[in-house]
Amino acid sequence: QPDTVVGCTNRPSVNSKAFWTFGIRNWSEKIGSPSNSGDVESTLNTLNVLDELLSAGTDRRIHYMISKGGSEALLTALVNNARTFSPNYNILLPLLHLLAKVGHRDRRIGMKAEEAGAVLVTLNLLKHNIRHARRVAACLWVIQVFSSSVSTANLIGENYGLDKKAKNDAHSNDLSFLSIFHCPFISLTEANVWSIVSKGYISGLLKLYEDWHSKDTHHVAIAIRHALLCCLHNATQTTGGRQALISQGGIQLLYQTTQTCLLSKSLECLVESTVQLMRKCLPKTPLPLTSDKSAYTFPLPGRPHAVPDSSVGSDAEEDEDNQEANSTDYDDDLETDLNKLCLRPDLDRPKELLQQYSHLCPELSHDFQVHPKSLTALSLKLDIYLISGSCSVNILFPASSGETPPGQRREEQDGDEEGAEEGYHRTTIDRLLERHGACIPHHVPKLYRAAAAKTKSIPGFGILAFPDFWGHLPPPGHEPMAPRKPNTQRQKVFEDVQRFLNTDDIINLLVFDLENSSVQCRSDSLRFFSKFECGNLRKAIQVRRCEYDLILNADVNCSQHTQWFYFEVSNMVAGIPYRFNVINCEKSNSQFNYGMQPVLYSVREALDGRPRWVRTGTEICYYRNYFCPAQGRRKTTFYTLSFTITFKHNEDVCYLAYHYPYTYSALKAHLKVLQKSVDPAKVFFQQQILCGTLAGNSCPLVTITACPASKGWKDLHQLRNRPCIVLTSRVHPGESNASWVMKGTLEFLCSSDLVAQSLREAFVFKIIPMLNPDGVINGTNRCDVNSEDLNRQWCKPDPVLSPTIYHTKGFLYYLNSIGRTPLVFCDYHGHSRKKNVFLYGCSIKETLWQSGSAIDTVGLKEDPGYRTIPKTLDRIAPAFSFNSCNYLVEKSRSATARVVVWREMGVLRSYTMESTYNGCDQGIYKGLQIGTRELQEMGVKFCHSLLSVTKDTKLLYSRRLINHIDLDHNILDHKSHNCFEDDEPPCVEEIEYFTDFPTVKYTDLDSDVNSNMASPDEEEEINEGHSPAKCQQDCINDSIMKGNLFPPHIRQASIDGLSEKRNTCNGVSIANGQITS
């Protein structure tokens, strides 16, 4: 029987399942029985055994006890024992301790406590035991547990808040004083916060904090100061609370006190809490825009007068690199419907329409006659304007057939003067190219300008960005990730706070507006410009002499997706640090917090023989700011990317970008250069137009393979039976790194390298290097000009609004229909959240395993060949990370290219290849930022990996090819790190700011309860020789320090000098439970 077991000295092992199951059920009933309330020894033994049982096991035991009415039994026992004339605290203390442990796991503990009448009983116990530290701590823990219910928290606030009226209580001051420490747990509800604000307690709390700060010169009351900050945190959860703090000068007070706290490392906890509080309370400031929608609009077919607003319902459109949800949400996103995973859907169009794509397989009908090249001179008019004798150049488009392209900057002149000017400028550009032009492989400036003249943009660009025209060479060495100094973000936040406090020091002058070219700027300010291909900068505002806020332009026809930037800056002074703040970023984290830097191109450096994009910037951080949308659209949180640049040259012209730009015109020029570079007798290279875009640009498709050795039947048959490899890129315009990888792939496949020759002989490559030309041209980050993410349109693409996706899918359908289903499909992307390069693939079994599906996968047959290419890349590509790959099919990715091509076309090796914007954290590139050299190398290595899927085993094991793959010893030893997280570990500084007081963990509460239980019994009477006030204050201090009200590092602080400051709060009184001045 339970009674006999409790009394035994040799109890059975608490690990006996039958024992604790029986014991919990019966002892829960025993302690809750009023008939046994007088049996002190039996009840104590019961409580001790219960505590031992629950502490030795896992939470399953506690949940079992809860399911059997354990919480109700403990509450009943508490009420019965507390309501006696003389409560026995030998029983009540362990009972409160046990109730805190159990109640913390019971989601309904607050409601149960109200029904049992335990809430007011516990408050009454606290009121009458203010002098006893252990009792106070135990009561506070139980009250904290009860506060998990909103209604219970309101009840506690009403009966024991800061407004507690206890005029006749001799200890009312102490009760109110203790309320300050208890406030973090009773003021979390809206009603309690409203009560605190409406009664003016925020002003009193600020005065208390100021007084404790000014008089606590020896830092002995850190816990109290932190408690006051916690109260302020909770009181400012509502807009009214934040406004009250601002109106009472709270920001000024917090800023000033924080500056003095910076001098002592022991006050770090106060600094961090104060910084978070200031960040939260800074008033929301609308972006200085007339509209949140993009400055660029494009009338869509069928909707000439309506511009789509994609600001609603588009938050879920996260790209492949935004898989930062917790594991539970991620598992729920996995596809577990076996029919959707295994069955191939019907075509999304009639089969008769597929024949239109037959011309995109010219290798099947080509006669392979070698025709002499027709060498025609390029007739280009290159206009260059030298500005103020500096090295700045504006490169204008040539007029075509007497017509001036839209947006061209050109003055009206008569015919003779115009001809003279053209001759002058043509001579000038020729001389400039001859004198300064660098030998950049596969780049011809004149050819680029000719291609750009045919590019159609929404605003009608008339200016070329100099880096795109002139070209880029990789830096001679590797560029390491930028180190981050401690508290970089904190200093930026302080400067942001100073903006609010010292408005007289702020210039706040608009110096660039994409929509208003007449904006005038001061002679000593920087000058900005972004109206060129791929450019993105909407506004620049001079905040201080050397600090500028930058606002990015949203995607066309849209009011979101701001990340990509690319703009010109000039009129700088060398050696002076300039701070740039991009204030309307939308992603919640960025590689800029983990060593990534933006890129810079200097015109002066280029003319001196160093034409290159370089990583630049110091004091880089990315954090949530206080800006909000201009017109109150969807609830948006903005983030600031802040970096500082010190320019090398006076009056230079520089370009800054999120990543290495790669324009549509660069692609067009590059394809022409490649076509002229190949030997048509050996390499079949043909560029065709897949389709036109919404804005009237062409989407190129390139076919690359080897010409047959002869026109004999055998050789032609071998060519026409070569497997197809389909590669696509740049569906997201802001992912310029994908284009650099594709550039490496194209150049390699057109080269005379032995591996390239073998690949051309083994495969037919179908390459669509830019799926979203309009987005790239107009500087968008995510979408096409239809405001849609094209990589979410693959299930049923619209032939009018998403033509490139519609026709790419149609072409893949066509290859499938003629028995030439691609052996490999890969869509090149960029990844803003992770380091390294990696692949996403598709696997039924791995998806079901990861999701925890009950489906038996033993009978499922799946070719494991989808892992062949990733494993090969892990061996040969130093930037590649096999352990960052996954092969899961998510519901949210069901309309992406990777999943649709795998599911509908049956392509086993259907991939998304993700390339980092930052760098690598493994292999020989560890700690280095990735550049265009490494990105192009990745494109080459992907080609090398295709040897692993060739059917020609002789080709695979050819000694000559293995030597050319460059499997040097370092790369062979390269192993990927074992990392399965999508995002980086938490940033060294808080990107977000706290919205409430952090909750307490089970383990923390249990530890503190156990510590309190292990403390020696306190004396019921005050020791002789100690004043009542002294004893009372020591008890409060002990309960504070032993309790779980503050983080462990705060509890270590000494508060020996607390009592002498008890009632000298700079004119602030807390008598009668109220804060008054």
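Position numbers for residues start from 1 in each chain and track the written sequence from start to end. In view of the model being predicted, local features appear only for residues whose pLDDT reaches at least 70, and side-chain atom pairs are presented and counted only at 80 or more, with totals across whole chains, interfaces and linings using the full set of residues. The side-chain figures draw on all heavy atoms in the structure; neither hydrogens nor water molecules are used.

Draft legend 1. Focus on the overall build of the protein. Starting at the N terminus, helices and strands are each numbered in turn, a helix being any DSSP run of H or I of at least four residues and a strand any DSSP run of E of at least two. Across its full length, the protein carries 40 helices and 25 strands. The 1077 residues of the protein split such that 59% are buried. Excluding contacts between residues fewer than 6 apart, the proportion of contacts in the protein whose partners are at least 24 apart in sequence is 79%. Summed over all atoms, the accessible surface of the protein reaches about 44,100 Å², with 51% contributed by carbon and sulfur. For every residue, the accessible area (1.4 Å probe, protein chains only) is compared with the maximum for its type, and the residue is labelled buried under 20%, exposed over 50%, or partly exposed between those bounds. Residue contacts follow a heavy-atom distance rule, with two residues in contact if any of their heavy atoms lie within 4.5 Å. Exposure was quantified through the Shrake-Rupley algorithm and a 1.4 Å probe, taking into account, for residues, occlusion by the shown protein chains and nothing else.

Draft legend 2. Structural view of the pairing of strand β10 (residues 566-570). Within β10, 5 of the 5 residues are buried, which leaves the element mostly enclosed by the surrounding structure. A two-sided burial pattern is seen for β10, the buried positions comprising Tyr 566, Glu 568 and Ser 570 on one face and Phe 567 and Val 569 on the other. Paired strands, as defined in this entry, are two strands with at least two bridges between them according to DSSP. In the sheet, strand β7 (residues 527-529) pairs with β10 via 3 bridges, with the strands oriented antiparallel. Paired with Arg 527 across the strands is Ser 570, a residue of β10.

Draft legend 3. Region of the structure containing unusual backbone geometry. Positive phi is not limited to glycine here, since Asn 508 has a value of about 55 degrees. Within the secondary structure, Asn 508 sits in the loop between α23 (488-501) and β6 (509-513). A relative accessible area of 56% places Asn 508 in the exposed class. Look at Glu 619: it is not a glycine, yet its phi comes out positive at around 50 degrees. The residue Glu 619 is located in strand β14 (residues 618-624) in this model. What makes Glu 619 partly exposed here is its relative accessible area of 43%.

Draft legend 4. Structural context of the UniProt feature "active site" (unreviewed entry) in the protein. UniProt positions are given in the numbering used here, feature names are shortened, and annotations may be inferred rather than shown by experiment. UniProt records the feature "active site" (unreviewed entry) at Glu 914, using the numbering of this structure. Residue Glu 914 is classed as buried on the basis of its relative accessible area, which comes to 1%.

Draft legend 5. How the structure looks around the environment of His 359. Here His 359 is to be found in the loop between α19 (338-342) and β2 (383-386). Each C-alpha atom of the pair His 359 and Gln 688 lies 9.1 Å from the other, and the pair is 329 residues apart in sequence. With residues near it in sequence (within four places) discarded, His 359 still touches Gln 688 and Ile 689. In the analysis that follows, any N or O atom pair within 3.5 Å is treated as a polar contact, provided that within protein one partner can donate a hydrogen and the other can accept it, and provided that, for residues neighboring in sequence, both atoms belong to side chains. Of the polar contacts made by the side chain of His 359, one reaches the backbone oxygen of Gln 356; its length is 2.9 Å.

Draft legend 6. View of the packing of aromatic side chains. Pairs were defined over the aromatic rings of Phe, Tyr and Trp, the Trp ring being its six-membered one, requiring ring centres within 6.5 Å. Orientation was assigned from the angle between planes: stacked under 30 degrees, edge-to-face over 60, tilted for the rest. The tally for this structure, following the rule as stated, stands at 30 aromatic pairs. Plain terms: the ring middles of Phe 532 and Tyr 655 are 5.9 Å apart, the flat faces sit at 70 degrees to each other, and that makes the pair edge-to-face. Residue Phe 532 is found in the loop between β7 and β8 (539-544), and its partner Tyr 655 is found in strand β17 (residues 653-657); the two are separated by 123 residues along the sequence. Three or more aromatic residues link up through ring pairs in this structure, and these residues are Phe 466, Phe 469, Trp 470, Phe 529, Phe 532, Trp 564, Tyr 566, Tyr 601, Trp 613 and Tyr 655. Definition used: whenever NZ (Lys) or CZ (Arg) falls within 6 Å of the ring centre and also within 35 degrees of the ring normal, the charge is taken to sit over that ring. Lying over the aromatic face of Tyr 89, Arg 135 brings its terminal NZ or CZ to 3.9 Å of the ring centre.

Draft legend 7. Here's a closer look at the packing of helix α21 (residues 445-453) against helix α25 (residues 664-677). Axis lines are fitted through C-alpha atoms, for helices just across the contact stretch, and the angle between N-to-C directions can take any value from 0 to 180 degrees. The contact between α21 and α25 brings their axes to 8 Å, and the two run at 125 degrees. Comparing the axis directions of α21 and α25 gives the class oblique. Considering how the two elements wind past one another, α21 and α25 form a crossing that is right-handed. From α21, Leu 447, Tyr 448, Ala 451 and Ala 452 reach across to α25, where they touch Ser 665, Ala 666, Lys 668, Ala 669, Lys 672 and Val 673. Side-chain classes are defined by residue name, with Ala, Val, Leu, Ile, Met, Phe, Trp, Tyr, Cys and Pro counting as nonpolar, Asp, Glu, Lys and Arg as charged, and the others, Gly among them, as polar. Here the contact of α21 with α25 is built from residues that sort into 7 nonpolar, 1 polar and 2 charged. Oblique is the label for any angle not covered by the other classes, which are roughly parallel (under 35 degrees), roughly antiparallel (over 145) and roughly perpendicular (65 to 115). Crossings are sorted by hand: turned counterclockwise from the far helix by less than a right angle, the near helix makes the crossing left-handed, and turned clockwise it makes it right-handed.

Draft legend 8. Structural detail: the sheet that holds strand β16 (residues 639-646). The strand order across the open sheet built from 6 strands is β6-β8-β9-β11-β16-β14, with neighbouring strands paired in mixed fashion. Only two strands of the sheet have a single neighbouring strand rather than two, namely β6 and β14. For this sheet, the mean angle separating the axes of adjacent strands, direction not counted, is 20 degrees. In this structure, β6 lies alongside β8, joined through 4 bridges in antiparallel fashion. Looking across to β8, one finds that Asp 513 is bridged to Lys 539.

Draft legend 9. Spotlight on the pattern of salt bridges. Salt-bridge detection follows one rule: a side-chain nitrogen of Lys or Arg within 4 Å of a carboxyl oxygen of Asp or Glu. Inspection of every chain in the model, using the stated rule, returns 30 salt bridges. Here Arg 225 ties to Asp 216 by a salt bridge, and the two come within 2.8 Å at their closest N and O atoms. In the salt-bridge network here, residues are joined through shared partners; they are Glu 495, Asp 496, Arg 499, Arg 544, Glu 547, Asp 549 and Arg 579.

Draft legend 10. Region of the structure containing the sheet that holds strand β21 (residues 764-768). The mixed open sheet is built from 7 strands, whose spatial order is β18-β19-β21-β20-β22-β24-β23. Each of the sheet's edge strands pairs with one partner strand only, and the pair in question is β18 (683-692) and β23 (837-840). Direction aside, neighbouring strands of the sheet carry axes that sit 20 degrees apart on average. In terms of strand pairing, β23 meets strand β24 (residues 909-916) through 4 bridges, oriented antiparallel. Paired with Leu 839 across the strands is Met 913, a residue of β24. Where helix α32 (residues 868-876) meets the sheet, its contacts fall on β22 (824-831), β23 and β24, and the angle it forms with β24 comes to roughly 35 degrees.

Draft legend 11. Representation of the side chain of Ser 665 in the model. Inspection of the secondary structure assignment puts Ser 665 in helix α25. On the basis of relative accessibility, which here comes to 0%, the residue Ser 665 falls in the buried class. A distance of 2.8 Å separates a polar atom in the side chain of Ser 665 from a polar atom in the side chain of Thr 455. With near-sequence residues (within four places) excluded, Ser 665 lies in contact with Tyr 448, Ala 451, Ala 452, Thr 455 and Glu 533.

Draft legend 12. Geometry of the packing of helix α3 (residues 40-56) against helix α6 (residues 89-103). Interaxial distance between α3 and α6 falls to 10 Å at its minimum, and their mutual angle equals 25 degrees. Judged by the inter-axis angle, α3 sits roughly parallel to α6. Where α3 crosses over α6, the two elements pack in a sense that is left-handed. Contacts from Val 40, Thr 43, Leu 44, Leu 47, Leu 50, Asp 51, Leu 54 and Ser 55 of α3 reach α6 at Asn 90, Ile 91, Pro 94, Leu 95, Leu 98, Lys 101 and Val 102. Its residues assigned to classes, the contact of α3 with α6 shows 10 nonpolar, 3 polar and 2 charged.

Draft legend 13. Examining the side chain of Lys 809 more closely. One can find Lys 809 in helix α30 (residues 803-817). For Lys 809, a relative accessible area of 0% translates into the label buried. Within the structure, the side chain of Lys 809 is placed 2.7 Å from the backbone oxygen of Cys 795, a separation counted as a polar contact. Apart from residues no more than four positions distant in its own chain, Lys 809 is found in contact with Asp 348, Arg 349, Trp 794, Cys 795, Lys 796, Pro 797, Val 900, Glu 904 and Met 905.

Draft legend 14. Just the nonpolar core, in detail. Nonpolar cores were defined as sets of buried Ala, Val, Leu, Ile, Met, Phe, Trp, Tyr and Cys residues, with membership established by side-chain atoms within 4.5 Å. Counting 136 residues, the largest nonpolar core has Phe 528, Phe 580, Tyr 655, Ile 704, Leu 759 and Phe 942 as its most contacted members. With sequence-adjacent residues up to four places away left out, Ile 704 is seen in contact with Val 683, Phe 684, Phe 685, Leu 746, Leu 749, Cys 750, Arg 760, Phe 763, Val 764, Phe 765 and Ile 767. With 45 residues, the next largest nonpolar core counts Tyr 201, Ala 221, Leu 229 and Cys 281 among its residues.

Draft legend 15. Layout of the pairing of β22. Within β22, 8 of the 8 residues are buried, which leaves it mostly tucked inside the rest of the structure. Burial of β22 is two-sided: the residues Val 824, Cys 826, Tyr 828 and Gly 830 facing one way and the residues Phe 825, Asp 827, His 829 and His 831 facing the other way are all buried. The pairing of strand β20 (residues 724-729) with β22 spans 5 bridges and is parallel. Paired with Ile 725 across the strands is Val 824, a residue of β22.

Draft legend 16. Main features of helix α13 (residues 201-215). Relative to the 21 Å expected for 15 residues at 1.5 Å per residue, α13 spans 21 Å between its end C-alpha atoms, a close match to the ideal helical length. Burial within α13 is extensive, with 11 of its 15 residues counted as buried. Helix span is expected to be 1.5 Å times the residue number reduced by one.

Draft legend 17. Summary view of the confidence of the model for the protein. Chain-level pLDDT for the protein is 80 on average; 74% of the residues reach the 70-or-more range. Confidence scores per residue from the predictor, reported as pLDDT, run from 0 to 100. Within the model, the stretch residues 161-187 combines pLDDT values under 50 with 94 contacts to residues more than four positions away or in other chains. Residue range residues 1018-1077 is modelled with pLDDT below 50. Its contacts to residues more than four positions away, or to other chains, number 135 contacts.

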